[in-house]
Amino acid sequence: MEYITEERYARHIILKEVGEKGQKMICNAKVLVVGAGGLGSPVLLYLSAAGVGNIGIMDNDIVSESNLQRQILYDSNCIGKPKVEIATRKLQALNPMCHIHAIQERLTQSNAKYIIANYDVVVDATDNLLSRYVINDACVSTGKPFVYGSICEFKGQISVFNYKGSPTYRDLYPYHNEVANFYQPLGVIGALPGVVGSIQASETIKIILDREDTMAGKLLLIDLLEGSFHTFKINKAEN
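Residues numbered from 1 in each chain as written. Predicted model: local features only at pLDDT ≥ 70, side-chain atom pairs only at ≥ 80, totals over all residues. Heavy atoms only, no water.

Draft legend 1. Seen up close, unusual backbone geometry. Positive phi, close to 55°, is recorded for Lys 164, a residue that is not glycine. Summarising the element assignment, Lys 164 is placed in the loop between strand 6 (155-161) and helix 7 (169-172). A relative accessible area of 43% places Lys 164 in the partly exposed class. In this structure, Asp 210 is a non-glycine residue whose phi angle is positive, near 60°. Topologically, Asp 210 is positioned in the loop between helix 8 (192-208) and strand 7 (218-223). (Helix = DSSP H or I, 4+ residues; strand = E, 2+ residues; numbered from the N terminus. Buried < 20%, exposed > 50% of the residue type's maximum accessible area, 1.4 Å probe, protein only.)

Draft legend 2. Seen up close, the packing of helix 3 (residues 40-50) against helix 8. Packing of helix 3 against helix 8 brings their axes to within 8 Å, and their N-to-C directions diverge by 40°. The angle between helix 3 and helix 8 places the two elements in the oblique class. Pair helix 3 / helix 8 crosses with right-handed handedness. Within the contact between the two elements, helix 3 uses Pro 42, Val 43, Tyr 46, Leu 47 and Ala 50 and helix 8 uses Pro 193, Gly 194, Gly 197, Ser 198, Gln 200, Ala 201, Thr 204 and Ile 205. The residue makeup of the contact of helix 3 with helix 8, split by class, is 8 nonpolar, 5 polar and no charged. (Axes fitted to C-alpha atoms, helices over the stretch in contact; angles between N-to-C directions. Parallel < 35°, antiparallel > 145°, perpendicular 65-115°, else oblique. Left-handed = near helix turned anticlockwise from the far one by under 90°. Contact = heavy atoms within 4.5 Å. Nonpolar A, V, L, I, M, F, W, Y, C, P; charged D, E, K, R; others polar.)

Draft legend 3. Structural context of the layout of surface pockets. Of the voids in this model, the largest pocket is the one considered here, and its volume is about 1,000 Å³. For the largest pocket, the lining is made up of 40 residues, of which Arg 106, Ala 125, Thr 126, Asp 127 and Asn 128 are closest to its centre. Among the elements of the structure, helix 6 (129-142) and strand 5 (146-152) are those that each provide at least two residues to the lining of the largest pocket. A total of 5 residues in the lining of the largest pocket trace back to one element, the largest contributor, which is helix 6. Its residues assigned to classes, the lining of the largest pocket shows 17 nonpolar, 15 polar and 8 charged. (1 Å grid on protein atoms, 1.4 Å probe; cavity = no way out; pocket = protein on both sides within 12 Å on 5 of 7 lines; lining within 4 Å. Points joined across faces, edges and corners; volume = space filled by probe spheres on them.)

Below is the structure:
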């Protein structure tokens, strides 16, 4: 991808951890964001603002009024419209130099490996457990890093899996049969996905920059009700 003017990314370029070389890496990167809802909204906004050259958005949902309390990509005029269409339009308005690929379908076991193979990094912005195993297994199979995030009520989790030999999602949460029928509580404080999604975007950029200081091998637990952030080490499972 052709490198863009320095003015837009000046605040990145002056960082010694990024610089002009790093910004070129960001502009040439390809990131798939699975889910364009609460987590997907801040992730997509910050990745496009950062100049990620190719962004895939995968979601088959439409905007509902209940989404507007936390899904900041959308407004009242978007109700009833496909999320990927609205997201594509708004992200291209934010940064016309990013190529947005709208994929209006769910990620499944049958399409995951084929789609994920086209990207450098995959960001989990889903809202169900089963999808995370699908993402994880396809990322392991194709050798792609996986930026994980989840939210529930006032609490969030963030990690990076399958990056430079780090543990995978299954190392943290081994699969069991109850996963397929699990339903996450619907309540969530509106600001929580903004916090978690912003950190996911930051982790994604660090992966693009090939840095070692990511959340790989660690799990960050956030509780906005307590105002606490705790980090724990993740070990690879023996089997």
